[in-house]
Amino acid sequence: MSTAGKVIKCKAAVAWEPNKPLVIEEIEVDPPQPNEVRVKIVATGLCRTDLYYLYDTDNTKIFPMVLGHEGAGIVESVGPKVTEFQPGDKVIPLIISQCRECRFCKSPKTNQCENAWDIVPHNVEKAPVSKLNCKGKKLLQFMGISTFSEYSVINQNALAKIDPAAPLDKVCLLGCGVCTGFGAAVNDAKVEPGSTCAVFGLGAVGLAAIMGCKYAGAKRIIAVDVNANKFKKAEEFGATDCVNPKDHSKTISQVLLEMTNGGVDYSLECVGNVELMRHALESCLQGWGVSVIVGWTDKHDVSVRPAQLIAGRTWKGSVFGGFKGKDGVAEMVRAYLDHKVKIDEFITHNLPLDRINEAIELLQAGKSIRTVLSFTSQ
Ligand code: CU
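Bear in mind the structure is a predicted one, so any value in this text is a computation, not a measurement.

## Description of the pattern of salt bridges
At step 1: Per the stated rule, a full pass over the model turns up 18 salt bridges.
At step 2: Between glutamate 70 and arginine 370 there is a salt bridge, with the nearest N and O atoms lying 2.7 Å from each other. Remark: arginine 370 occurs in strand S18 (residues 370–374) and glutamate 70 occurs in strand S5 (residues 70–78); sequence separation between them is 300 residues.
At step 3: The exposure class of arginine 370 is buried, given its relative accessible area of 4%.
At step 4: For glutamate 84, the salt bridge identified is with lysine 326, shortest N-O distance 3.0 Å. Taken as a pair, glutamate 84 in the loop between S5 and strand S6 (90–93) and lysine 326 in helix H10 (residues 325–337) lie far apart in primary sequence, 242 residues in all.

Right, here's the structure in full:
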């Protein structure tokens, strides 16, 4: 029996308030409005950014909310004016929209989109009315997506149609972490063959950055983390050296400068720590070193001595690996199906949505890279 046009009742993990475990609830999901698509989410990854807005935020306006922004699913129904999608299509929700019409979308210089709508948490007041409801309350849609729900309603500019052969419980990781790290190395740092790279932070994004450096032909890839348990995995992805800052009395940038005869060609900060961002820049070779900020934070300033930049280092940021949402995700799905990029190796745990709080504990304890949560009922 078709569910199109009707309210769907389903399960979701609800963040009622900050700093509390998520609660599995039955929620109601409204039908899609013009330009919107209702998607049955099949699988979703748990990303550190979800936890940032659950635990490290002082913005109480964003609650109650359904988190989750790294998912994959199948189109259930489409609203008016939707031409690109039809029921049954496999899709990945996007944290970076692509309308294909604005000046940003038409330029190869950026993956920003002017028609990306104002989303929670960045503009709560102007965010579109949520389609998710529970106990008479509107649940805000994190990033406009909310993949910790069996169904969600998403603007068509924020959905990528992908190859029907793609396994959704794997390619869901292309919704954030894998594209973010891989693209930061390949598209934004523009790592060159034979170069030396340093990657700070060995979560999913950092490992994907290592994969990107290797893909681009780097000859030496130095992995940096304070958790030595992550080094084995880093080597599997292509790291040639692993450094634990805790093993050294010197600063990590001094250690790297000595290891590399003056600095690396490219460094990528994949943690979101402003001190580390500075060390990543200072680890670069003067003259042409490029340092890319990938880890997310909106709370602190970064600083550096101008002489570092005047001497020819470049400091830049990267969001979603510089990939244009729809095109980049579809391309990365094909690269995975052609065995050119890894995804399976990021997945350390698989759990049903009901056990999402266990997944959160694993990530916080540094025991998982990615837990893929699946939606088994329905
Ligand atoms: Cu993410």
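## Some remarks on helix H4 (residues 177–189)
At step 1: When the local axis directions of H4 are compared, the greatest deviation, roughly 45°, occurs at glycine 183.
At step 2: H4 sits mainly inside the fold: 11 of its 13 residues count as buried.
At step 3: All buried positions along H4 are accounted for by Gly177, Val178, Cys179, Thr180, Gly181, Phe182, Gly183, Ala184, Ala185, Asp188 and Ala189.
At step 4: Looking at the residues trailing H4, positive phi occurs at lysine 190, about 55°.

## Considering the packing of aromatic side chains
At step 1: Counted under the stated rule, the structure contains four aromatic pairs.
At step 2: With 5.0 Å between their ring centres and 70° between their planes, tyrosine 52 and tyrosine 53 make a pair best called edge-to-face.
At step 3: Judged by its relative accessible area of 4%, tyrosine 53 falls in the buried class.
At step 4: Ring geometry for phenylalanine 182 versus tyrosine 215: centroids 5.0 Å apart, planes at 65°, classification edge-to-face. Note that phenylalanine 182 is positioned in helix H4 and tyrosine 215 in helix H5 (residues 204–215), a separation of 33 residues in sequence.
At step 5: Looking at tyrosine 215, the relative accessible area reads 49%, which means it is partly exposed.
At step 6: Three or more aromatic residues joined by ring pairs form one cluster here, namely Tyr52, Tyr53 and Phe142.

## Observations concerning helix H1 (residues 48–55)
At step 1: With respect to burial, H1 is a largely interior element, six of its eight residues being buried.
At step 2: Listed as buried for H1 are Thr49, Asp50, Leu51, Tyr52, Tyr53 and Leu54.
At step 3: Buried residues along H1 sit in contact with strand S3 (36–45), strand S4 (65–66) and helix H11 (356–364).

## Regarding the environment of aspartate 188
At step 1: Tracing the sequence through the fold places aspartate 188 in helix H4.
At step 2: Exposure remark for aspartate 188: the relative accessible area of 15% places this residue in the buried category.
At step 3: Spatially, the C-alpha atom of aspartate 188 lies 15 Å from that of lysine 214, the residues being 26 residues apart in sequence.
At step 4: Apart from the residues lying within four places of it in its own chain, the contact partners of aspartate 188 are Gly183, Val292, Lys316, Ser318, Gly321 and Gly322.
At step 5: One polar contact links the side chain of aspartate 188 to the main-chain amide nitrogen of glycine 322, over a distance of 3.2 Å.

## Some remarks on the pairing of S3
At step 1: Burial analysis of S3 places eight of its 10 residues in the buried class, the great majority of the element.
At step 2: As judged from the five bridges shared by S3 and strand S9 (residues 151–155), these two strands associate in the antiparallel manner. Paired with lysine 40 across the two strands is tyrosine 151, which belongs to S9.
At step 3: Both S3 and S5 contribute to a ladder of eight bridges, which runs antiparallel. When the bridges of S5 are listed, alanine 43 appears paired with alanine 72.
At step 4: In this sheet, S18 lies alongside S3 in antiparallel orientation, the contact comprising three bridges. Bridge pairing in S18 links alanine 43 to serine 374.

About the criteria used
- Residues numbered from 1 in each chain as written.
- Predicted model: local features only at pLDDT ≥ 70, side-chain atom pairs only at ≥ 80, totals over all residues.
- Heavy atoms only, no water.
- Salt bridge = Lys/Arg side-chain N within 4 Å of Asp/Glu carboxyl O.
- Helix = DSSP H or I, 4+ residues; strand = E, 2+ residues; numbered from the N terminus.
- Buried < 20%, exposed > 50% of the residue type's maximum accessible area, 1.4 Å probe, protein only.
- Bend = angle between axes of the 7 residues up to and from the residue.
- Phe/Tyr/Trp six-rings, centres within 6.5 Å; stacked < 30°, edge-to-face > 60°.
- Contact = heavy atoms within 4.5 Å.
- Polar contact = N/O pair within 3.5 Å; in protein donor to acceptor, adjacent residues only side chain to side chain.
- Pairing = 2+ DSSP bridges.

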